[in-house]
Every structure is written in C-alpha cells, then in structure tokens.
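Chain and residue survey
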Amino acid sequence: MPDIIHLLPDHVANQIAAGEVVQRPASVVKELLENAIDAQADAIQLLVKDAGKTFVHVIDNGKGMTVTDARMCFERHATSKIHKAEDLFALHTKGFRGEALASIAAVAQVELKTRTAEDELGTFIRIEGSKILSQNPEVTTQGTSVAVRRLFFNIPARRQFLKSDAVEFKHISDEFIRVALAHPEVSFRLVHNTTECFHLTPTKLRQRIVQLFSGKSNEKLLPLSEQTDLISIRGFVGKPEYAKRSKTEQYFFVNQRYIRNAYLHHAVMAAYEGLIKEGTYPSYFIFIEVDPAHIDINIHPTKTEIKFDNEQALYAILRASVKHSLGQFSLSHRIDFDKDPTLEVPYDKLKSLPQLPKIEVDKDFNPFLKSAGSDFTKKPATNWESLYVGLESKSNLGPSDTLEIISDEESFSSSFLDDEENNEGVETFQMRRKFIFTAYKSGFLIINQSRAHYRIRYEELLKELTDNPLPSQQLLFPIQAHFSGAEIDLLSQLKEPLESAGFQFAQFDFKGMEISGIPVQLPDERTLEVLGNLLAELENQTPDTYFAGVDILARNLAKGTAVKTGTLLKPEEQEQLVNQLFACKEPQLTPDYKRVYLKMDWSEIENKF
Ligand code: ADP
Ligand code: MG
C-alpha cells in the first residue's frame, strides 16, 4: 500500500484553524479590538457594514508594526506577545496565540495599513484566502488599520450559518461593549453602516458604564472594592431594586479580560439572595485583578473561559465583597415582594383603561347599606343555591378568605345577588378580584381573569397584527425610553410590527427612543414595562423569522393590556370575558402555557359530602 499521510497545505490548515477563532463577524471584531488594545492605542474606531458580513474595519493609534512584522503577523502562531511556555503564566496581553490575523486572512479579504512611530513610511498589505496579493510602502498615520471584507467569501457554507443582521450586529455590539468597559481610559467609536452608535470619550469606569448603558444612571450603582493577598476586586453592582428580567448587564473581567464563569456568577447571585425577585437579574460590572500565575486562560480558543487555581477562596471573597457593598443599602431598603402593586393603582387610573373590559367602580354600591350589621353569609340566604360555590358554609372558606370578602366591599359583585331566574346570560361572579366563577352543564369553572384576558388579547393581537395596522393613541407627552443603543437596535427588528400594533416613534435609533403614540388598549404607564419585557425576551432568544417576532410582540402586548389581578370587573365584563375566552382557539392555557381555568364537576363536589 502506498503512503497516504501528507501535511495539509498552509491555506487549508489555516482555514481549519480559522473555524475555531472566527465563527462570525463579531469574532473578527473581538480579535481586532484586542489587538488594538494590546498595541496600547488610546483611540480606537470600529466601522462595520451589514452587521460585519461585508465589512469590518478597526483603526487604532497604537504602536504599529514594522515592515517585517506587518508581513509576519499573518503567519500562523506568529506573535510578539509570548516567547516561551512560561510566558503563558505571566500574560499581560489579550492575545498570545498568534492565530487571529492568520485565521481572519484565511477566510476573508484583508487590507492592513500600519506604521510605527520611528518609521516615516508605513506598509500596506493586501491578503486574501491566506494569499498575499500585494505589499507596498504607504503614507499613513501611526498605528494600524485592518479592513476585513467579505468574511467567508471562500466558504459559502459558513456564510449560510450567519444569522440576520440584527442578530450578528448584536454580537458585535456585545464585543464592543466588553472591550470598551474594560478600558474606560481609551476612546472608542462604533459606526454601523451610516449610523454612529457609540462615541465614547476617555473617562473613569463609572462614567463609562453610564455612557454605554444609558438606562444606568449613577444612582443605580453601588461601588465594590476589596483587596486581599490573593486578588483585588473593584467595580460596581446594581442596586437590587433595579434588577432586570434579562441577564445582559452582567460582566466579569479578569485582568481586564471579559470572561464568563458560572461559578463566580453564582457567588454574586448568592450575595443578592433575598434581595431580588425570582426571575430578575442584577447588573454587575466586576473587575478582578489576580496574579496571572494563578489563572489559566488557555482553555478556550476565544479565551472567554478561564480557570482559577483557587476557585473556592475566590468565590468566598467575591460573595462577601458583594454582600458588603449591598449591606448598607439593603438595611435601609427592605423590599416587600408580597405587595401587589396593581392594588395600589388609584381607581381613577383604572377607570381610564380605554377598552372593554372597562373598569368602573360603582361608588354608591355598598353591600352593607341594605341591611346594616348583617354579615356576608346571611345576606344571600334566600337563594344561596345560585351562588355556585359553597359560600353558605363559612367553614368551606379559610377564615382569612371570609374576612377579605367582608372587608373588600367592591369585590362584592352585584351579579352575586341577582335572582337566578332573572339572569339571562352566563352567570358569573368574581372573587378576590382574581377569579371568575361560572357554571357550566355539569359543574362550574374557576377562571383566572388575568390569564383569561391574556389568552383573549393574544389571539386577537396575533390576528390583527398580521392584518391591518391597529389604531394608535397620540400621547400628549411623548415617552422617553432610556434604553441603550444596543437595546434599541435589538428592538428595531420589531419596528414594523410595533408600528402595526399602534406604536408611533418620534425617534428610534441608536441615540434614543421617543414614543409619541401607543396602542389604544395600552395604558401609558405600562408602556415601558411592556417594551422592557419585550426586550428581555429578545435578549434571551432572538426571533429568526418575522412571524416569531410578531408572536413575541403579541404575547408581550397581550400581557401588558390584559386586566390584572386586583381589577374589579362588572357582571357584564365578567360575562364578556367568559364568552370571549371560550371563543379562543386554546382557552385552557395562556400563551406561555399556564393554566387559565379549573373545572369542578358537581359529581366531584357531591362526593365530598
Ligand atoms: P496575537 O494577538 O495572539 O499575538 P494576532 O494574530 O492577533 O496574534 O496578531 C499577531 C501579531 O501581530 C501580534 O502579536 C502583534 O505583534 C501584531 N499586531 C496585530 N495587530 C496589531 C495592531 N493593531 N497593532 C500593532 N501590532 C499588531
Ligand atoms: Mg490578537
């Protein structure tokens, strides 16, 4: 048999290696930004087109490269950052593998311009698919500019795996934000197509956070600072009450390198225990400095995972230090999670809900007027059989339930007292401002009003959003949404359906969002909440199709416009709710699969006696 093993040609080897380093345009951005930082630049510009798919350009004013280095930098394992194996344990640079430029040049068309302070003339190199096309002297400023065109031009299969521009650009802005956060003393600019998304002047960390996350104002952050023999920790953690529904503002940096580490994340979350609501996430921007000898960054090609040789100690120190910084604060701020904020909405606000089910409180209605001194259980004694539930027996209800009904006079729905015979429509009544009871052939139903209306609104919206644009209510005072540029960009993929839903935007770009009109059914005070939830969901799972986007929007808008627990419903509103619910395609579950109603058969109840 002939020998069959041979070495792969360089360009093939490079392409294979590139697969690890360059997964998407954002990987190119990350590598180029890190190189600029390693070259000690203090002003870095990032220009991208079409979410980096056609063009990524990084310009820095760092130390530049000599002619020979400019040529060398595209070789695999060519680096100026380490010389020997031991150097791996004393790293002070972001790069060290010497693979990035070789990998990028293997799968794209690259133009490099660079000049050092000492050289008068710079160098201009064009390279494509690992082949040098030209190399010439060039008049250029000190520093380096790397332009990367048509990523994956020679690997069509890889291009196909790229996601929509919105998704790819989100990855890019994530990388940009990470580097910009780690280096507040450096000025950064990010331009996407023709839009300047960020222009960050040199500053301190706290200000940099505010620059990047416009919603993060100073007073939402608590400083963090801890020095031990092993490590130093500094940075900021968000006050518990500002915890968000998405995890996006959580950053760890180790020696100024952004990292992910579930263990350390756990340490921080442990410190917040009992201070934040379940399902919400605090912001944190935590910078750990540790002797490079104690860490190993070498375990992941994109270098975002890292191993510490003393993880337990680090965990304990981190948790203690976050706890400490929350300490003072939490003493003065006990958050009462059990309080239902909807119950605190003044009635005239509730009354202003624009569409059915309308909320109207009959202020004159007082169940105690007719027979003063009588208690709730005596009152309907004449026809208690019509009451669906066994209210006639106090012992069927917990003591607190009974108490609540007596004191909560407005939830005393009047249908409750109606004569059964006179009642033509569906018989319903409301309890605890949360459940609607109604009879059906062989028993009765307990319907969760808020969930039922959520289902109804969702199905309506799904239909309407895909048909005609819905009417909008003009706001007298436009709402300013304090979202970051990246967040607004993420929302922009839903701009069209948002507008069909009735939103109108006076401004909708990286610099900000101003809302001048909102859907008719949406109370203006819930607008930001709805958009915030929408955003949280987009951050967790980006919709791939237009329909998936519409679905997310319909769900969030339905939730935002559904009647809440705590809302008093008039008999006809209850009735309408029941009728509409059972006209739905899937009345039994909410769009996020929660139970809408419970069925109780008379036979089941009879059995209990
Ligand atoms: P690494 O960063 O791991 O060393 P790269 O392939 O990213 O590998 O870069 C190779 C070398 O090219 C670097 O070690 C550095 O000497 C040089 N280089 C790359 N980018 C720049 C830049 N923006 N300014 C100056 N030198 C650079
Ligand atoms: Mg590098």
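Our subject is the structure that appears above.
Okay, so let's go over this structure.

Definitions and limits used
- Residues numbered from 1 in each chain as written.
- Chains lettered and ligands numbered in written order.
- Predicted model: local features only at pLDDT ≥ 70, side-chain atom pairs only at ≥ 80, totals over all residues.
- Heavy atoms only, no water.
- Near = heavy atom within 4 Å.
- Polar contact = N/O pair within 3.5 Å; in protein donor to acceptor, adjacent residues only side chain to side chain.
- Areas by Shrake-Rupley, 256 points an atom, 1.4 Å probe, with all protein chains shown as cover.
- Nonpolar A, V, L, I, M, F, W, Y, C, P; charged D, E, K, R; others polar.
- Pairing = 2+ DSSP bridges.
- Helix = DSSP H or I, 4+ residues; strand = E, 2+ residues; numbered from the N terminus.
- Axes fitted to C-alpha atoms, helices over the stretch in contact; angles between N-to-C directions.
- Contact = heavy atoms within 4.5 Å.
- Left-handed = near helix turned anticlockwise from the far one by under 90°.
- Buried < 20%, exposed > 50% of the residue type's maximum accessible area, 1.4 Å probe, protein only.
- Parallel < 35°, antiparallel > 145°, perpendicular 65-115°, else oblique.

1. Brief notes about the site of ligand 1
Neighbouring ligand 1 are 18 residues; Asn35, Thr79, Ser80, Lys81 and Gly98 lie closest to it. At 2.9 Å from an oxygen atom of ligand 1 is found a main-chain nitrogen or oxygen belonging to leucine 101. Burial of ligand 1 by the protein chains amounts to 92% of its free accessible area of 530 Å². Looking at the shell around ligand 1 residue by residue, the class counts come to 7 nonpolar, 7 polar and 4 charged.

2. Observations regarding the sheet that holds strand 10 (residues 231-238)
Spatially, 5 strands are ordered 9-10-13-11-12 in an open sheet, and the strand pairing comes out mixed. Strands with a single pairing partner mark the edges of an open sheet, and in this sheet they are strand 9 (221-227) and strand 12 (257-259). Taking the axes of each pair of neighbouring strands and ignoring which way they run, one obtains an average angle of 20° across the sheet. With 7 bridges joining them, strand 10 and strand 13 (residues 284-290) adopt antiparallel strand pairing. Residue pairing across strands places valine 237 opposite tyrosine 284, the latter belonging to strand 13. Lying on the sheet, helix 7 (residues 205-212) is in contact with strand 9, strand 10 and strand 13; it crosses strand 10 at an angle near 40°. Strands strand 10, strand 11 (250-254), strand 12 and strand 13 of the sheet are contacted by helix 8 (residues 262-272), whose axis makes an angle of about 130° with strand 11.

3. Description of the packing of helix 15 (residues 527-540) against helix 16 (residues 546-561)
Two numbers describe how helix 15 lies on helix 16: the axes approach to 9 Å, and their chain directions differ by 145°. Considering how the two elements wind past one another, helix 15 and helix 16 form a crossing that is right-handed. Side by side, helix 15 and helix 16 meet where Val530, Asn533, Leu534, Glu537 and Leu538 of the first sit next to Ile552, Leu553, Arg555, Asn556, Leu557 and Gly560 of the second. Taken together, the residues of the contact of helix 15 with helix 16 break down into 6 nonpolar, 3 polar and 2 charged.

4. What about unusual backbone geometry?
Across residues other than glycine, the phi torsion is negative in most instances, and most of the peptide bonds are trans. Unlike most non-glycine residues, serine 130 shows phi in positive territory, near 70°. In this structure, serine 130 sits in the loop between strand 4 (122-128) and strand 5 (131-138). A positive phi angle, close to 55°, is found at arginine 432, a residue other than glycine. Mapped onto the elements of the fold, arginine 432 is located in the loop between strand 16 (428-431) and strand 17 (435-440).

5. Quick word on the pairing of strand 16
Of the two faces of strand 16, the one holding Thr428 and Gln430 and the one holding Phe429 and Met431 are both buried throughout. Pairing geometry for strand 16 and strand 17, over 4 bridges, is antiparallel. Residue pairing for strand 17: glutamine 430 is matched across the bridge by isoleucine 436. Counted between consecutive antiparallel strands, the loop separating strand 16 from strand 17 contains 3 residues, among which arginine 432 sits at a positive phi close to 55°.

6. Brief notes about the sheet that holds strand 20 (residues 504-509)
Pairing is antiparallel across the open sheet formed by 3 strands, whose spatial order is 19-21-20. A strand with exactly one partner marks an edge of an open sheet, and here the two such strands are strand 19 (472-481) and strand 20. Neighbour to neighbour, the strand axes of the sheet diverge by 25° on average, direction disregarded. Note that strand 20 and strand 21 (residues 512-519) share 5 bridges and pair antiparallel. Residue pairing in the sheet places phenylalanine 505 in a bridge with isoleucine 515 of strand 21. Running at roughly 115° to strand 21, helix 15 makes contact with strand 19 and strand 21 of the sheet.

7. Brief notes about the packing of helix 6 (residues 165-182) against helix 7
Running from N to C, helix 6 and helix 7 point in directions that differ by 160°, and their axes come no closer than 9 Å. On the basis of the axis angle, helix 6 is roughly antiparallel to helix 7. In the crossing of helix 6 with helix 7, the sense of the turn from one axis to the other is right-handed. Between helix 6, through Ile177, Ala180 and Leu181, and helix 7, the contact on the second element is made entirely by Leu205, Arg208, Ile209 and Leu212.

Any functional reading would require information that these geometric values do not contain.
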